[in-house]
Amino acid sequence: MNQLLQMGANTSLSSSKGTVTVSYDKSNLIDISLTAFLLTDSEKVQGDSGVIFYNQPTTISGVAALMPTEEVGHTKVHKIHFDMSKAPQGIAKIAITLTEDNSTGFANVKNLKAQISSEGTVIDFVPSSFKNENGIVALEVYVRNGQTKAKSIWRGFDSGLDGLCKHFGVEVEDEQNKPSEPNTIQQQPSKAPAAAVPENKNMLPSISLEKVKGKISLDKGQKSVIIEKTPEITATVSWKTGTDYDIYALVYTKNGKQIDVAMFGAQGTPPLRSYGNGAVEHMGDVGRDNRSMKTEIIKLRLNNDILAVVPVVYSAQSNGTGSFYRYKVSMSIDNHKGTSVTISSKNANNNDSIYTCVPGILHNTQDGIVITPLELYSAPNSEFRPKLRMGASNTVEVLMDSGPINDYK
């Protein structure tokens, strides 16, 4: 039988590590995100690295790792793994928080549940009843006298993520500096914008992006960066010889339309080499040959109609093999003004039945090109393309295996 923990109560855990699970009934009215704050004894974060959300799902220390959101039947599930033995110096607590991003309030959330599992022990956290609150501190995991413990909180905020950020000492921009209309990437007048990305769709106005120059490498879980937008940008995908990858780009426009720029078609989607008078252009298919490294290139001459571009790497079943790890697949974004950003498939495995990889997403903003490392992979044996959509926080989401099936199989 599971242990029940009422609001305000605490208990000791049998291990320093475990998993927090939050679940609730799916509904078109609600859109919940999970954000974790790594706190000192003074209940404050030490900096931007102390906020765990989809765009920064892990920490270098390994104290917390946010998993992709799952849907199980009619239930939506968020999970975050923790290991308090890996907490950085000065960090004593993890606050697990929830925000309702459609601003309808947690009163509309049905069957909200929170649970911790740790070495076979399962603890259920009994939630409070809520009204118009759109931000909640659900529970805390902390260390006291060398013992890892958990406490049921269920404290609500009316100001959502902004309120939570302020509460935990994360700087939030002033309301008068926010745009009057929602943008894909939130803007700040004197700093680069903060970015949100797929699934959890959190927009953390406190976390500004670093405008980078030179050669930059990004790994999955690292923060987005912003580069100068030049008249022509190239997205180049490289891989070791031995297989034949095909590259295409998904384009998302201001009117909510997705355009697939690809040298081959999919069900109901014909081939399209160029879109928008060359705004996004595929530079041609590269077949098998004797070169040690292969590349395919997509040129970007972005206009204001384009919100985001998602390069996709695909290996058809007919190729016979498609391990993104074995063939060292990587994507580089180059603005031809001294800056390039590379994302490698470091988290791929040797599974030859994984046919699609999305290294990252490019958001087109007035301040520059925001590059976010995603490194998403299709389900085994799936030939379906990804699909783009606008999320509740006005950010473009990538949904794997949700588009049409490729003509190449």
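Fair warning: this is a prediction, and the values are worked out from it, not measured in the lab. (Residues numbered from 1 in each chain as written. Predicted model: local features only at pLDDT ≥ 70, side-chain atom pairs only at ≥ 80, totals over all residues. Heavy atoms only, no water.)

**Some details on the overall build of the chain**
And step 1. Helix and strand counts for the chain come out as one helix and 29 strands.
And step 2. Within the chain, buried positions represent 56% of all 409 residues.
And step 3. Sequence separation of at least 24 residues holds for 68% of the intrachain contacts in the chain that already meet a minimum separation of 6.
And step 4. Of the accessible surface of the chain, which amounts to about 17500 Å², a share of 45% is contributed by carbon and sulfur atoms. (Helix = DSSP H or I, 4+ residues; strand = E, 2+ residues; numbered from the N terminus. Buried < 20%, exposed > 50% of the residue type's maximum accessible area, 1.4 Å probe, protein only. Contact = heavy atoms within 4.5 Å. Areas by Shrake-Rupley, 256 points an atom, 1.4 Å probe, with all protein chains shown as cover.)

**Structural notes on the nonpolar core**
And step 1. By size, the foremost hydrophobic cluster in this structure holds 35 residues, and its most contacted members are Val20, Ile80, Ile94, Ile116 and Phe125.
And step 2. Sequence-distant contacts of valine 20, defined by excluding residues within four places in its chain, comprise His78, Lys79, Ile80, Phe82, Ile96, Gln115, Ile116, Leu139 and Val141.
And step 3. In terms of nonpolar packing, the next biggest core, distinct from the first, is built from 34 residues, Val212, Ile227, Val341 and Ile354 among them. (Core = buried A, V, L, I, M, F, W, Y, C linked by side-chain atoms within 4.5 Å.)

**Regarding the sheet that holds strand S9 (residues 93-100)**
And step 1. Ordered by their spatial adjacency, six strands build an open sheet running S2-S13-S12-S9-S4-S5, and the pairing between neighbours is antiparallel. What marks the edges here is a single partner per strand, and that holds for strand S2 (10-12) and strand S5 (51-52).
And step 2. Relative to strand S13 (residues 147-157), strand S12 (residues 135-144) runs antiparallel, the two sharing nine bridges. Along S13, the bridge assignment pairs glutamate 140 with lysine 151. (Pairing = 2+ DSSP bridges.)

**Here's the deal with the environment of proline 404**
And step 1. Mapped onto the elements, proline 404 comes out in the segment after strand S29 (396-399).
And step 2. Owing to a relative accessible area of 22%, proline 404 belongs among the partly exposed residues under this scheme.
And step 3. Each C-alpha atom of the pair proline 404 and phenylalanine 384 lies 5.4 Å from the other, and the pair is 20 residues apart in sequence.

**Some points on helix H1 (residues 160-167)**
And step 1. The buried count for H1 comes to six of eight residues, which makes it a mostly enclosed element.
And step 2. Taken residue by residue, H1 has Gly160, Leu161, Asp162, Gly163, Leu164 and Cys165 as its buried positions.
And step 3. Buried residues along H1 sit against strand S4 (32-39), S9, S12 and S13.

**Considering the pairing of strand S19 (residues 258-261)**
And step 1. The sheet contact formed by strand S18 (residues 246-253) and S19 spans four bridges and is antiparallel. Directly across from leucine 250, in S19, lies its bridge partner aspartate 260.
And step 2. Linking two consecutive strands that pair antiparallel, namely S18 and S19, is a turn of four residues; a positive phi of about 80° is found at glycine 256 within it.

**Regarding the pattern of salt bridges**
And step 1. All chains considered together, the criterion is met by nine salt bridges.
And step 2. As a salt-bridge pair, glutamate 140 and lysine 93 come within 3.3 Å of each other at their nearest N and O atoms. Linking glutamate 140 in strand S12 with lysine 93 in strand S9, this pair joins segments that are 47 residues apart in sequence. Summarising the burial analysis for this pair, glutamate 140 and lysine 93 share the class buried.
And step 3. Across the salt bridge formed by glutamate 232 and lysine 299, the nearest N and O atoms sit 3.6 Å from each other. Here the residue glutamate 232 occupies a position in the loop between strand S16 (225-227) and strand S17 (233-240), and lysine 299 occupies one in strand S22 (residues 293-300), the gap between them amounting to 67 residues.
And step 4. One connected set of salt bridges, linked through shared partners, spans Glu232, Glu281, Lys299 and Arg301. (Salt bridge = Lys/Arg side-chain N within 4 Å of Asp/Glu carboxyl O.)

**Digging into unusual backbone geometry**
And step 1. Positioned with a positive phi, glutamate 119 is a non-glycine residue whose angle comes to about 50°.
And step 2. Here glutamate 119 is to be found in the loop between strand S10 (113-118) and strand S11 (121-125).
And step 3. Positive phi, close to 50°, is recorded for glutamate 375, a residue that is not glycine.
And step 4. You can call glutamate 375 buried: its relative accessible area is 1%.

**Points about the sheet that holds strand S15 (residues 214-218)**
And step 1. Spatial ordering of the open sheet is given by S15-S25-S24-S17-S22-S21-S20, a layout of seven strands whose pairing is mixed. With partners counted over all chains shown, the strands left at the sheet margins are S15 and strand S20 (274-275), one partner each.
And step 2. Here S17 runs beside S22; their pairing, made up of eight bridges, is antiparallel. Bridge pairing in S22 links isoleucine 233 to leucine 300.

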